[in-house]
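# Fold and geometry: a report
Single-letter residue listing:
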Amino acid sequence: REANLRNLPVDVLITPASLEVRCGEASMPVMLPAGTRAVPSSCRGLCYLPGEGLHLRLQVHMGSGTKLVSTLSESLKPQKSYTFYCQCCGDIIRKEGKFLRILPLPSENWSALVEEWCCHPNPFARSVLQPQKEDCFLGDTFFLLNSGNQSHKSKENTRVICKRCKTVLGETVSSETTKYYVTEVMIQPSEESFSTIPRSQFVQNMIAQCLVEISSAKSTFRFSIKGDDGKVYVLIWLLNSDTLLVESLGSSSSHDVFTLFGDTLKPDSGPVGTWDAVKVLYQPCLKSRNKDLADAWEEDIGVHPLTFPSQTCLELLLVLGLSTSSLPPSLRCMNSFQVRNCCF
C-alpha cells in the first residue's frame, strides 16, 4: 500500500506459494504461510486505488489439518489439574484444582422459554444450578465454580475482584457459587507456568471463541454485547469463522499501524504472521449511538445477548476501532456497519 504506482508499469506475479509486486527495479514479495496454496488463475479485480495501493481477489486452498483454536469447553478436561490466574496481572485465583465434572449450562434465557414449553407455572422457578466442590459449569461468557475461597470478594457488593490489581473478575451468584468471566481469567494446566498474553489479543481471542461456539450450536449470527451495568456497548454481526489473516512483517508502513496482532508474534515467526480469525460487522452503541438499531435488536429473538464486565466492553470497542482503522478506507464499511477481523 505504500508505493506510488500511478506513473509506473507494475507486474504482479502470483505463484501457488507467493505473491510478488514488481515496480521498476523494486520488488515486494510476500510468501504465503505453510499449508496455504493460491490459485493464480483465479485472480480477479486487480486495480490500484490512490492512497490505498493494489487490490485483488484470488482463491486459496487450506491444508486439511487447519483448525481453529479450540474453545474453552473443548480445552478443559475432567480429572486434569488446572490453575486459574487473573489475566491482567497473573495473580493466582484458584490453585491446582481438579474437576470431576465439566458441564455446559443452558442458554442464559432458558427460563424465559419455559413458559412456551409448559402449560402450568414454571416448575424450575426456584431451582438454582449450583456447582459442587469439584464441578465446573460453563456458560456462554462465564463459568461457575463452587466458592471455596472468598478472599477475592468485594465487601461493598457481590463483585469478585483481583486482590492484587483490583480488576473485576466476576461476581458471587450465591453463598456457594462464584461466576468468573472468561475474558478476565486465564486457565492453564497446573504443570505449566503462567505465560503472559497481551490484553488486546486475549480479549478478542476469548470473544471470538464465544461467537464461534454460540453460532455453531445455535445458528445465531447477531450478538448484542452488554456490560455488567446493563448497557449495550456494541452490536456484532458474525460473517464467517474460517478467515485466515496473513500479515507481512517487513518494514512496510502498514506494520506500524497494524500492531494488534504483531505484538503476539514469537521471535522465530519469520517475515509473515498468520492468525485464524472471524470476520464481523459491528456498530458501537455508546452515548445512545445507533440507539434505534440497538432497540430493534433488543426485541429480536434472533439476536443473542452476551454480557461482559463494562471495562472489557470498552476494551473491545477500542480493539474493534483500531483494527478497522488498519484497513484501507474502501474496505472499512459494509451497509453502514464497520468491518473487523477478530483473531484467535
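Residues numbered from 1 in each chain as written. Predicted model: local features only at pLDDT ≥ 70, side-chain atom pairs only at ≥ 80, totals over all residues. Heavy atoms only, no water.

## Some details on helix 6 (residues 310-326)
Quick reminder: α-helices carry 3.6 residues per turn. Residues three or four places apart thus point the same way. Put simply, the test is: Numbered from the N terminus, helices here are DSSP runs of H or I no shorter than four residues, and strands are runs of E no shorter than two. Each residue after the first adds 1.5 Å to the expected span of a helix. Relative accessible area decides the class of each residue, using a 1.4 Å probe on protein chains only: under 20% of the type maximum gives buried, over 50% gives exposed, and in between gives partly exposed.
Here helix 6 spans 25 Å end to end across 17 residues, near enough to the 24 Å set by a 1.5 Å rise per residue. Along helix 6, the residues classified as buried are Ser-310, Thr-312, Cys-313, Leu-316, Leu-317, Val-319, Leu-320, Ser-323, Thr-324 and Ser-326.

## Remarks on the packing of aromatic side chains
Going by this rule: Note on aromatic contacts: the rings of Phe and Tyr and the six-membered ring of Trp form a pair at centre separations within 6.5 Å, being stacked when their planes are under 30 degrees apart, edge-to-face when over 60 apart, and tilted otherwise. We call a charge positioned over a ring when the NZ of a Lys or the CZ of an Arg lies within 6 Å of the ring centre and within 35 degrees of the ring normal.
Counting across every chain of the model gives seven aromatic pairs. Residues Trp-297 and Phe-337 carry aromatic rings whose centres are separated by 6.2 Å and whose planes lie at 25° to one another, so their mutual orientation is stacked. You can see Trp-297 sitting in helix 5 (residues 291-298) and its partner Phe-337 sitting in strand 22 (residues 337-343), a full 40 residues away along the chain. The same class applies to Trp-297 as to Phe-337, namely buried. Linked through ring pairs, Phe-84, Phe-99, Phe-143 and Tyr-180 together constitute an aromatic cluster. Positioned over the ring face of Trp-237 is Arg-222, at 5.7 Å from the centre of the ring. Sitting above the plane of the Trp-297 ring, Arg-222 keeps its charged end 5.3 Å from the centroid.

## Topic: unusual backbone geometry
Here the phi dihedral of Ser-219 falls at roughly 50°; this positive angle occurs in a residue that is not glycine. Relative to the assigned elements, Ser-219 resides in the loop between helix 3 (199-218) and strand 17 (222-227). On the basis of relative accessibility, which here comes to 56%, the residue Ser-219 falls in the exposed class. Notably, Asn-290 is not glycine yet its phi reads approximately 55°, a positive angle. Looking at the element boundaries, Asn-290 is found in the loop between strand 19 (272-284) and helix 5. Taking the relative accessible area as the measure of exposure, Asn-290 reaches 26% and is therefore partly exposed.

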